[in-house]
Amino acid sequence: MTHCQTPLRLFNTLSRSVEEFRPMASPKVRLYACGPTVYGRAHIGNFRTFLFVDLLRRVLVLFGFEPEHVMNYTDVDDKTIAAAKAASLPLREFTNQYIALFEEDLKTLRILPPDRRPRATDHIELMIALIEDLIRKGHAYVGEDGSVYFRIASFPDYGKLAHLDRRGLQPGARIAQDEYVKESVGDFALWKAWKAEDGGVGWASPWGKGRPGWHIECSAMSMHYLGQEFDIHCGGADLIFPHHENEIAQSCCATGKAFVRTWLHCSHVLVDGEKMSKSLGNVYSVADVLAKGYTGRHLRFLLLTASHYRQTLNFTWEGLAAAKAAVDRIDDWLARWRRLPPTRFAASAPEGEAFLASFCASLADDLNISDAVGRFFDFLRATNRAMDLGTLLPDLPSIWEIVDSVLGLGTVGPIEALRPPSAHPNAEAVILAGETPPLRVQELLARRAAARSRRDWKESDSLRKAIEEQGWTVRDTPEGQELRRR
RNA sequence: GGCGGGGUAGCCAAGUGGUAAGGCCGGGCUCUGCAAAAGCCCUAUGCGUGGGUUCAAUUCCCACCCCCGCCUCCA
């Protein structure tokens, strides 16, 4: 189902410019995204990045590509080891919990699960083989401490992605304690020798017991699943340096190939204009947002559409309330046309075509979702007006399918009519919640229907209030009462 | 210091060398028993500040003032 014919243009961090995207073996697109380090609950900043990857993936499909999406779990590093130890749990058991929570949050945010989600600890042999290869080729060496380091001096292009030259890597204030064992400050660990604080965590290797450095896992797993050279590698902007720079160095030196064609990076989230930090108490998880009465769809809409992915996104509760209002408006629009008979929709209509063309054009321009959504709201208003007037509509069902393939909001619940013989006679109402209202609400609804037929407005109003108190909203339409979850 | 990203209405935000998308909030109106929803109208003579180029700049150039990120923990 290719709907957008326009060439897709993306900003490549490598060239710092917007380029037409052309995969190596179109329509296949091999896509690798750096995943979370699973030592704690991920926060909304993390999810902005994963939502960006989700957007990219959905847009690729919309433009006729077939992405194969791989995302890793970093389940071994200083933090996971320390946190597992603090929790008195084996590393694997500890990280399992956070992977489960993360996947639950992905589902809440309606993020499509990556095709593969490899864990670092399941691929230690691959990493060891890669490190051996780098040593063999003279790009890595074993330090006095038994750790293996990558020699950045052996890779002339080092710094190409981050646009840092070696002068920027001179010894500074933050010299690592293991400095004396490395040839150069910029050299980074491929393999870390076992230390007492690692406890039971460690794997046998040609250099003794130890564990992989952070960067090597992504090189090993991405090349293993996607090939030595693949199309897109993406992640948060903070990963540009050193993580992705180091991945490039390792991978290119090992294979002599270009590794990745297009690098994409998503900017960070601020909260109330400030960087999230535990000391400020502004690090929010998906669960925190749900606890305030918002849904995953509200948060998704905010993080996905509030600004361009290369722009810093300032999260505020006020902004989330605005996102909820916008989603509610979309839901009302959906509920409205979904109840219409098929005869109201034209098979093809110029306004529908024009809208889709502009929607595609916006997304083709480096995933300009804000602009695309702006077009969508124009279209929403135009079709609402057509519904007011009762004129023929564009093919809304198929157009929405396309729009929602990107927005990922879904269509909430089935539109059902609740009428006798339901639990309560006269409780007829259209339900827009996707869940059956409790008997108490059905009863109130029935009484209200009766009051309304008597034109007892006072009773009708107090029953509406009672229904509100049960967490439901009732509206009156020419077709009768309409019930929805508040 | 090096590299990079920003400053557009009450809030969020797109955008263009030709006179400011969209969302939220607010005000008015239509419809309605009421309410809600929906629609219509209004809400930046203005796009950080000062210069310059141009017939024309928010959009290009120069200078300046703020804010933020990265520079081997970090989505």
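Predicted model only: the values in this text are computed from it and were never measured.

**Points about the pairing of strand β4 (residues 66-71)**
Right, on to step 1. In this structure, strand β3 (residues 28-33) lies alongside β4, joined through 6 bridges in parallel fashion. For Val-29, the partnering residue across the bridge sits in β4 and is Pro-67.
Right, on to step 2. Handedness of the crossover joining β3 and β4 through helix α1 (residues 44-62): right-handed.

**Overview of the pairing of strand β10 (residues 260-266)**
Right, on to step 1. Taking burial as the measure, the 7 residues of β10 include 6 buried ones, the bulk of the element.
Right, on to step 2. Where strand β9 (residues 230-236) and β10 come together, 6 bridges link them in parallel fashion. Across the sheet, Gly-236 pairs through a bridge with Cys-266, a residue of β10.
Right, on to step 3. With respect to chirality, the unit in which β9 leads through helix α6 (residues 240-255) into the neighbouring parallel β10 is right-handed.

**Details of the protein's contact with RNA strand B**
Right, on to step 1. In the vicinity of RNA strand B, 51 residues are found, and the nearest of them are Trp-214, Gly-236, Arg-385, Arg-452 and Arg-464.
Right, on to step 2. Atoms of RNA strand B within 4 Å of the protein: sugar and phosphate make up 72%, bases the balance.
Right, on to step 3. At 3.2 Å from a phosphate oxygen of RNA strand B is found a side-chain nitrogen or oxygen belonging to Arg-329.
Right, on to step 4. In this structure, a phosphate oxygen belonging to RNA strand B sits 2.9 Å away from a side-chain N or O atom of Asn-368.
Right, on to step 5. At 9 residues, the largest contribution of residues to the surface near RNA strand B is made by helix α11 (residues 369-389).
Right, on to step 6. Partitioned by chemical class, the residues of the surface near RNA strand B number 14 nonpolar, 18 polar and 19 charged.

**Focus on the state of the cysteines**
Right, on to step 1. Under the criterion given, the structure shown has 1 disulfide.
Right, on to step 2. Note on cysteine connectivity: Cys-4 is disulfide-linked to Cys-360, with sulfurs 1.9 Å apart. Residues Cys-4 and Cys-360 are joined by a disulfide whose S-S torsion is about -70 degrees; by sign, that bridge is left-handed. On the criterion of sequence distance, the pair formed by Cys-4 in the segment before β1 (9-12) and Cys-360 in helix α10 (residues 350-364) is long-range, its members being 356 residues apart.
Right, on to step 3. Lacking any disulfide linkage, Cys-218 is separated from the closest cysteine sulfur, that of Cys-34, by 3.8 Å.
Right, on to step 4. Overall, Cys-218 belongs to the buried group, its relative accessible area being 1%.
Right, on to step 5. Unpaired in terms of disulfides, Cys-234 finds its nearest cysteine sulfur in Cys-34, a separation of 8.0 Å.

Definitions and cut-offs
Residues numbered from 1 in each chain as written. Chains lettered and ligands numbered in written order. Predicted model: local features only at pLDDT ≥ 70, side-chain atom pairs only at ≥ 80, totals over all residues. Heavy atoms only, no water. Pairing = 2+ DSSP bridges. Helix = DSSP H or I, 4+ residues; strand = E, 2+ residues; numbered from the N terminus. Right-handed = clockwise from strand over helix to strand, strands pointing away. Buried < 20%, exposed > 50% of the residue type's maximum accessible area, 1.4 Å probe, protein only. Near = heavy atom within 4 Å. Polar contact = N/O pair within 3.5 Å; in protein donor to acceptor, adjacent residues only side chain to side chain. Nonpolar A, V, L, I, M, F, W, Y, C, P; charged D, E, K, R; others polar. Disulfide = S-S within 2.5 Å.

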